[in-house]
Amino acid sequence: MSTIESVLSETRVFPPSETMVKQANISGMAAYEAMCKEAERDFEGFWAKLARETLLWHKPFTKTLDESNAPFFRWFHDGELNASYNCLDRHLKTQPDKVAILFEADDGKITKATYKDLYHRVCQLANALKGMGVKKGDRVLIYMPMSIEAVCAMQACARIGATHSVVFGGFSAKSVQERVIDAGAIAIITADGQFRGGKEIALKPVIDEAFALGGCDGVTNVIVYQRTGSQVAMQRGRDTWWHDAVKDQPLDCEPTWVDAEHPLFILYTSGSTGKPKGVQHSTGGYLLWAMLTMRWVFDTKPNDVFWCTADVGWVTGHTYVCYGPTAVGTTQVVFEGVPTYPDAGRFWKMIQDHKVNVFYTAPTAIRSLIKAGPDLPKKYDLSSLRILGSVGEPINPEAWMWYYTTVGNSKCPIVDTWWQTETGGHLITPLPGATPLKPGSCTMPLPGIVTDIVDETGNSVGRGKGGILVIKRPWPSMIRTIWGDPERFKKSYYPEDFKGKYYLAGDGASTDEDGYYRIMGRIDDVLNVSGHRLGTMEIESALVANSKLVAEAAVVGRPDDLTGEAVCAFVVLKGARPTGDEALKIAKELREWVTKEIGAIAKPKDIRFGDNLPKTRSGKIMRRLLRSIAKGESITQDVSTLENPAILEQLKQNL
Ligand code: WT7
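Computed from a predicted model, the values in this text were never measured in an experiment. (Residues numbered from 1 in each chain as written. Predicted model: local features only at pLDDT ≥ 70, side-chain atom pairs only at ≥ 80, totals over all residues. Heavy atoms only, no water.)

### Notes on the site of the ligand
Reasoning step 1: Residues in close proximity to the ligand total 17 residues, the closest being D416, T417, T421, D507 and R533.
Reasoning step 2: Within the backbone of E393, an N or O atom sits 3.4 Å from a nitrogen atom of the ligand.
Reasoning step 3: In this structure, an oxygen atom belonging to the ligand sits 3.0 Å away from a side-chain N or O atom of Q420.
Reasoning step 4: Summarising the interface, the protein chains cover 95% of the accessible area of the ligand, which totals 550 Å² for the free molecule.
Reasoning step 5: Of all the elements in the fold, those that place two or more residues in the shell around the ligand are α12 (315-327), β20 (414-417) and β25 (517-522).
Reasoning step 6: The residue makeup of the shell around the ligand, split by class, is six nonpolar, six polar and five charged. (Near = heavy atom within 4 Å. Polar contact = N/O pair within 3.5 Å; in protein donor to acceptor, adjacent residues only side chain to side chain. Areas by Shrake-Rupley, 256 points an atom, 1.4 Å probe, with all protein chains shown as cover. Helix = DSSP H or I, 4+ residues; strand = E, 2+ residues; numbered from the N terminus. Nonpolar A, V, L, I, M, F, W, Y, C, P; charged D, E, K, R; others polar.)

Below is the structure:
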């Protein structure tokens, strides 16, 4: 049975236990519904009250939502605050010695930082950055391993009002260079390298390579955290070791107050064109949502140990590693390594060792751990767990059931959280002490979030039907613009076809008779591989950039049991179509090429060579046919507009 069929035939319902309901921050469906009603009755009042109660304001805001320049919405814009102050200083009096971060290295070594430690370390780095001339509004690129220092780097930027742009450590030098240029970064914070799965991975050499590609002259300082101790080149006058930079810096640093709309960070994500978009987030609205969702969705309690396995290179690591957990003052686990090293019991052992209460990971990790050891969780004491979370892609009911029964011992609600880089935090998700769960459904929108499913013209399709997922009202943590490209922001998210009024998420979805949402995947040219977003055009551009070998390329996704989707590339070479060993050799070469251009996550799983691609008479590539071929389906579509039908047979041959 295909995933979609099994999702649609799913009828099991799992209501929260009485104990769960009783202890929950939002207790019972009636409480949830009352909040939704309140938001509907007085939309601005609902948000204003939460923003006043939740955030520490240096200067209170007087205006909640400014829609005068829609879709460039502004929230709380005349208020002033500082994100790092909200995450650290607020705990200094009440819980300075509470562990903020429990770091477990790849090799199992534990390092802890209390709230007071974290505060001092952030202040010292913030002072160092200031000393280098980094000011409010400047952009700082961060290329770091999972570490306490990665969180410090982000918060140090926030402390002085600099906008950070974190680039995932798996991205290539070329990707770093493009992001340095697009964001106009003036400083970089990186490490010599990192350890993952027992292997050492270089980071600083990638930064050096990015400089060598050119265009990065605006970067005048590089701070290098020593993690592996491997020899790296340090350019005099530009590169400084982290430990030298913070040595002798004062332990306090007065926060730079910024207005609520000040860009806290830019995070690049893939869209339908070749160029990644710099999603720009605010300070006030973003942080508000990070805190609220920690409390509502993860039901944070004072003594909780929280663990989100996402890397800080992705939005999940921004909201649920760097900002959310610290702002609400929880203890969290930060993990350097991978789930399968030294064996597939690593996550379960860590949950046992650190008595994790709330655990948040991705379906792709769950599926790979089922494959590697379906009974492994039973070898560990996982009784500390209270809530399980899932994010990044639809979770198939089979994986859901295993997560629920084998990991959660049938007592932990699974919060299947739907959101995106652009949304800043969870939007459609169960509440653990309220929502009856249905496997494979992210259930219902949070209070104040107005979602709907519409047809191509923007009209609501009604309950029980499928269509295009939209968000009808702005929300505090929404994307503010695409960095440097407001027109693209408007076109991508508020297109005219949807009356220019609704936020277009780019996902297809359906609801059932109870109003439960199921996400069906992207409706644009974006793939979701292991919960990571990749643009097909981005990979195509990378392939054709190999101008010696490649004449033309088309990339589509196909379903994959482990990674959700897999990248499938159809390539026309400049030379003759290769066969046999020659084809295998060139395919390998092209995979390495894509790794160098973008990063290993974009590497095509399948590569097929053709003399040409299927095209219409006007020369348009017929991607729907390629999708069918990639899936191994027989072609039932109309091919009468196809210029060269014979090409299909050729492309069906896998290497
Ligand atoms: C896309 C956003 C959200 C942080 C990580 C990914 C898909 C995300 C779910 C979910 C079904 C999901 C959507 C979305 N997605 N969460 N719970 N169920 N699909 O952020 O890289 O911006 O990707 O991930 O397709 O549009 P992202």
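### Let's talk about the sheet that holds strand β6 (residues 139-143)
Reasoning step 1: Spatially, β12-β11-β8-β6-β7-β14-β15-β23 is the arrangement adopted by the eight strands of the open sheet, whose pairing is mixed. Each edge of the sheet is formed by a strand with only one pairing partner; in this case those strands are β12 (239-241) and β23 (481-482).
Reasoning step 2: Both strand β15 (residues 277-281) and β23 contribute to a ladder of two bridges, which runs antiparallel. If you follow Q280 over to β23, its bridge partner there is T481.
Reasoning step 3: In the packing of helix α8 (residues 173-183) onto the sheet, the strands contacted are β6, β8 (187-191) and β14 (265-269), and the crossing angle to β6 comes to about 165°. (Pairing = 2+ DSSP bridges. Contact = heavy atoms within 4.5 Å. Axes fitted to C-alpha atoms, helices over the stretch in contact; angles between N-to-C directions.)

### Observations regarding the sheet that holds strand β4 (residues 99-104)
Reasoning step 1: Sheet architecture is open: seven strands sit in the order β5-β4-β17-β16-β18-β19-β20, paired in mixed fashion. Whereas interior strands pair on both sides, the edge strands pair on one side only; in this sheet they are β5 (110-114) and β20. Averaged over neighbouring strand pairs, the angle between their axes works out to 20° when direction is ignored.

### Section: the UniProt feature "domain: AMP-binding enzyme C-terminal" (unreviewed entry) in the protein
Reasoning step 1: As annotated by UniProt and renumbered to match this structure, "domain: AMP-binding enzyme C-terminal" (unreviewed entry) occupies residues 538-620.
Reasoning step 2: Helix makes up 30% of residues 538-620 and strand 30%, and the two end C-alpha atoms of the span are 18 Å apart. (UniProt positions renumbered as here; feature names shortened; annotations may be inferred.)

### Quick notes on the side chain of D89
Reasoning step 1: If you trace the backbone, D89 turns up in helix α5 (residues 83-92).
Reasoning step 2: The exposure class assigned to D89 is buried, which follows from its relative accessible area of 15%.
Reasoning step 3: If we ignore the near neighbours within four places in the chain, the residues touching D89 are S84, Y119 and R159. (Buried < 20%, exposed > 50% of the residue type's maximum accessible area, 1.4 Å probe, protein only.)

### What about unusual backbone geometry?
Reasoning step 1: The omega angle of the peptide bond from A70 to P71 is 5°, so this bond is cis rather than trans.
Reasoning step 2: Cis geometry marks the peptide bond from Y341 to P342; its omega dihedral reads 0°.
Reasoning step 3: Topologically, P342 is positioned in the loop between β17 (331-335) and α13 (346-354).
Reasoning step 4: Positive phi, close to 50°, is recorded for D299, a residue that is not glycine.

### Focus: the nonpolar core
Reasoning step 1: Grouped together as the largest cluster of nonpolar side chains are 163 residues, with contacts concentrated most on I189, W242, W296, Y323 and V571.
Reasoning step 2: The element that contributes the greatest number of residues to this core is helix α7 (residues 148-159), accounting for nine residues.
Reasoning step 3: Here this core spans two domains, since at least three of its residues come from each of domain 1 (86-282) and domain 2 (530-651).
Reasoning step 4: Residues in contact with W296, not counting those within four places in the same chain, are I26, M35, F46, L50, W289, L431, P432, L446 and P447.
Reasoning step 5: One finds F359, Y380, A399 and Y403 within the second-largest nonpolar core, a separate group that totals 31 residues. (Core = buried A, V, L, I, M, F, W, Y, C linked by side-chain atoms within 4.5 Å. Domains from an automatic or database assignment.)

### As for the packing of α8 against helix α9 (residues 204-213)
Reasoning step 1: In contact at an axis separation of 8 Å, α8 and α9 are set at 60° when each is read in the N-to-C sense. Between α8 and α9, the crossing angle belongs to the class labelled oblique. As α8 runs across α9, the sense of the crossing is right-handed. For the pair α8 and α9, the contacting residues are A173, K174, V176 and Q177 in the first and V206, I207, E209, A210 and L213 in the second.
Reasoning step 2: Its residues assigned to classes, the contact of α8 with α9 shows six nonpolar, one polar and two charged. (Parallel < 35°, antiparallel > 145°, perpendicular 65-115°, else oblique. Left-handed = near helix turned anticlockwise from the far one by under 90°.)

### Things to note about the pairing of strand β29 (residues 564-573)
Regular strands have side chains that alternate between both faces of the sheet.
Reasoning step 1: Counted residue by residue, β29 has eight buried out of 10 residues, so it is predominantly covered.
Reasoning step 2: Counting the residues that bridge the hairpin from strand β28 (residues 550-560) to β29 gives three residues.
Reasoning step 3: Where β29 and strand β30 (residues 606-609) come together, four bridges link them in parallel fashion. Residue pairing across strands places V571 opposite F609, the latter belonging to β30.

### Here's the deal with the packing of helix α4 (residues 43-54) against helix α11 (residues 284-296)
Two packed helices can be described by the angle between their axes and the distance between those axes.
Reasoning step 1: Remark: α4 packs on α11, axes separated minimally by 10 Å, with the N-to-C direction vectors making an angle of 85°. Classified by the angle between their axes, α4 and α11 sit roughly perpendicular to one another. Contacts from F46, W47, L50, A51 and T54 of α4 reach α11 at L288, W289, M291, L292, R295 and W296.

### What to know about the domain arrangement of the protein
Reasoning step 1: Taken as a whole, the protein is organised into domain 1 (86-282) and domain 2 (530-651).
Reasoning step 2: Of note, the centres of domain 1 and domain 2, computed from C-alpha atoms alone, are 36 Å apart.
Reasoning step 3: Taken residue by residue, the interface counts 14 residues in domain 1 and 13 residues in domain 2.
Reasoning step 4: When domain 1 packs against domain 2, close to 1000 Å² is buried across both sides, 44% of that on carbon and sulfur atoms.
Reasoning step 5: When the area that domain 1 buries against domain 2 is broken down by residue, the three leading residues are K174, S270 and G274, summing to 37%.
Reasoning step 6: On the surface where domain 1 and domain 2 come into contact, there are two salt bridges.
Reasoning step 7: The tally of links from domain 1 across to domain 2 stands at 10 residue pairs in polar contact (both at pLDDT 80 or more).
Reasoning step 8: Residue composition of the side of domain 1 that touches domain 2, grouped by class: two nonpolar, nine polar and three charged. (Buried area = accessible area lost by both parts, 1.4 Å probe. Salt bridge = Lys/Arg side-chain N within 4 Å of Asp/Glu carboxyl O.)

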